[in-house]
Amino acid sequence: MRVVEVTAYGGPEVLVSARRPEPDPADAPGRVRVRLKAAAVNQADLKIRSGRLAAALGELAPPFVLGYDFAGVLADPAPGLPAGTRVAGFVPWVAEGTGAGTYAETILVDPAWLAPVPDEVDFTAAASLPLPALTAAQALDLLALPEGATLLVTGASGVVGRLAVQLAARSGLRVIALGDAADAHELRVLGAHGVVGRGAPDEVITGVLGFAPERVDGVLDTALIADPLLPAVKDGGVFVSASGERMPVAERDIRVDAVVGRPDAARLKELLELLGAGGLATRVADVLPLEEAAEAHRRVEAGHRPGRIVLMI
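Residues numbered from 1 in each chain as written. Predicted model: local features only at pLDDT ≥ 70, side-chain atom pairs only at ≥ 80, totals over all residues. Heavy atoms only, no water.

Caption draft 1: Representation of the pattern of salt bridges in the model. Tallied over the entire structure, the rule returns 24 salt bridges. Between Arg 267 and Asp 141 there is a salt bridge, with the nearest N and O atoms lying 2.9 Å from each other. A residue pair is termed long-range when its members are at least 10 positions apart, and Arg 267 in helix H8 (residues 265-276) and Asp 141 in helix H4 (residues 130-143) qualify at 126 residues. You can call Arg 267 partly exposed: its relative accessible area is 23%. Three or more residues joined by partner-sharing salt bridges are found here, namely Glu 22, Arg 33, Arg 35 and Asp 76. (Salt bridge = Lys/Arg side-chain N within 4 Å of Asp/Glu carboxyl O. Helix = DSSP H or I, 4+ residues; strand = E, 2+ residues; numbered from the N terminus. Buried < 20%, exposed > 50% of the residue type's maximum accessible area, 1.4 Å probe, protein only.)

See below:
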């Protein structure tokens, strides 16, 4: 089968098309095959490819196959899902230490990672959703804010932040979005009560306090700003980072935590159904063939357009 491998740590040029044997379920009891139709490119893919996260990979070293999010067709029956079902999910390949991500024609997965894709959702949209949407939903679980509480979402123009704005607003939170000024109207349409443009820390805090004079109950920091945001948080509030890479030093009884997205088939099924019903919006910026994974990485690094880049397989 076709794959795209990371042959060494470095720039996009280290992504090379290759052939590998198709995975065999007999080698991994309990796993099933999915024939992929689409795989989304994540920021984490770029960090792993460059070597920034080499320490987190432990003994795993190139060559390996990148990729978390996917959508495709189930080749083997799974509990509650017959062969031929359109499915989506994400592969926690780093945690599993397999080096077998989703830049491939066929993957082996745990059925607990899979959710059916509604007929109304195409493969590109389905592949764009799993990891960022589950990360956003699980971050909101960690925040555990009551209905009516005020939440600041940073990086609201980004993939996780944009989804978090929508999910938080749907759950009854008063959302302040920190994002690109050009996205202000769209973020309000998606549910933000107020939008603050990016800028120097003092400018951001002033903007936030213009919408929340008594400071916010919580922060979901997808932009990894960390400490400069703490003045905007109430005493005893909560701060959740979308990555453990940058964490603020807790003060004033503010609870600090980080979310690590994890597979959750039942939650993903709800999110995909919400997407299919028009209650959740995802954004795909570009679609490229699998063989152009290196170009996809270049475009993500260049920040060419908001939204996800999806590889068609």
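Caption draft 2: Seen up close, the pairing of strand S10 (residues 174-179). For S10, a buried count of five out of six residues is recorded, marking the element as mostly surrounded by other parts of the structure. Where strand S9 (residues 150-154) meets S10, five bridges bridge the pair, whose relative direction is parallel. Within S10, the position partnered with Thr 154 by the bridge is Leu 178. In this view, the connection linking S9 to its parallel neighbour S10 by way of helix H5 (residues 159-170) has right-handed handedness. In terms of strand pairing, S10 meets strand S11 (residues 194-197) through four bridges, oriented parallel. Opposite Gly 179, over in S11, you have Gly 197 as the bridge partner. (Pairing = 2+ DSSP bridges. Right-handed = clockwise from strand over helix to strand, strands pointing away.)

Caption draft 3: Structural detail: the sheet that holds strand S1 (residues 2-6). Pairing is antiparallel in the open sheet, where three strands are placed in the order S2-S1-S4. The open sheet has two free edges, formed respectively by strand S2 (15-19) and strand S4 (64-65), since each of these has just one partner strand.

Caption draft 4: Local environment of empty space enclosed by the protein. The final tally for this structure, using the stated rule, is one cavity of 30 Å³ or more. If you add up the space inside the largest cavity, you get close to 80 Å³. In terms of lining, the largest cavity is formed by Ser 157, Gly 158, Val 159, Arg 162, Leu 163, Ala 281, Thr 282, Arg 283, Gly 307 and Arg 308. It is H5 that provides the largest number of residues to the lining of the largest cavity, a total of three residues. The residue inventory of the lining of the largest cavity, partitioned by class, reads three nonpolar, four polar and three charged. (1 Å grid on protein atoms, 1.4 Å probe; cavity = no way out; pocket = protein on both sides within 12 Å on 5 of 7 lines; lining within 4 Å. Points joined across faces, edges and corners; volume = space filled by probe spheres on them. Nonpolar A, V, L, I, M, F, W, Y, C, P; charged D, E, K, R; others polar.)

Caption draft 5: Spatial organisation of the packing of aromatic side chains. Counted by the stated rule, this structure contains three aromatic pairs. Seen from their ring centres, Tyr 68 and Trp 93 are 6.1 Å apart, and the 45° between their planes marks the pair as tilted. Taken as a pair, Tyr 68 in the loop between S4 and strand S5 (69-74) and Trp 93 in helix H2 (residues 93-96) lie far apart in primary sequence, 25 residues in all. Each of the two residues, Tyr 68 as well as Trp 93, counts as buried. Taken together through their ring pairs, the aromatic side chains of Tyr 9, Phe 64, Tyr 68 and Trp 93 make up a single cluster. Between the NZ or CZ atom of Arg 86 and the centre of the ring of Phe 123, over which it lies, the distance is 4.7 Å. (Phe/Tyr/Trp six-rings, centres within 6.5 Å; stacked < 30°, edge-to-face > 60°. Lys NZ or Arg CZ within 6 Å of the ring centre and 35° of its normal.)

Caption draft 6: The arrangement of the side chain of Ser 128 in detail. Locating Ser 128 in the fold gives a position in the loop between helix H3 (123-127) and H4. Since its relative accessible area comes to 0%, Ser 128 is described here as buried. Separated by 2.8 Å, the side chains of Ser 128 and Thr 282 make a polar contact. When near neighbours in sequence (up to four residues on either side) are disregarded, Ser 128 contacts Ala 40, Thr 282, Val 284, Arg 308 and Val 310. (Polar contact = N/O pair within 3.5 Å; in protein donor to acceptor, adjacent residues only side chain to side chain. Contact = heavy atoms within 4.5 Å.)

Caption draft 7: The arrangement of the sheet that holds strand S14 (residues 255-258) in detail. Read across the sheet, six strands follow the order S11-S10-S9-S12-S13-S14 without closing on themselves; strand pairing throughout is parallel. Across the chains shown, the open sheet's two edge strands, defined by having one partner strand only, are S11 and S14. Going from strand to strand, the sheet's axes swing by 20° on average, the running direction of each strand aside. (Axes fitted to C-alpha atoms, helices over the stretch in contact; angles between N-to-C directions.)

Caption draft 8: Expanded view of the nonpolar core. Formed by 89 residues in total, the largest nonpolar core has its most connected members in Val 34, Tyr 103, Val 109, Leu 114 and Leu 151. Ranked by residues supplied to this core, first place goes to H4 with eight residues. Other than its neighbours up to four places away in sequence, Val 109 contacts Gly 30, Arg 31, Val 32, Val 34, Phe 70, Val 91 and Leu 114. Core analysis: the second largest hydrophobic core is formed by 16 residues, Leu 152, Ala 212, Val 216 and Phe 239 among them. (Core = buried A, V, L, I, M, F, W, Y, C linked by side-chain atoms within 4.5 Å.)

Caption draft 9: Structural detail: helix H1 (residues 43-50). Asp 45, Leu 46, Lys 47, Ile 48 and Arg 49 are the residues of H1 that are buried. The inward-facing, buried residues of H1 contact S1, S2, strand S3 (32-40), S4, H2 and helix H9 (293-302).

Caption draft 10: Highlighting the packing of H1 against H9. Relative to each other, H1 and H9 sit at 105°, their axes nearing to 10 Å. Judged by the inter-axis angle, H1 sits roughly perpendicular to H9. Two secondary-structure elements touch here, H1 through Gln 43, Asp 45, Leu 46 and Arg 49 and H9 through His 297, Val 300 and Glu 301. Looking at the contact of H1 with H9 residue by residue, the class counts come to two nonpolar, two polar and three charged. (Parallel < 35°, antiparallel > 145°, perpendicular 65-115°, else oblique.)

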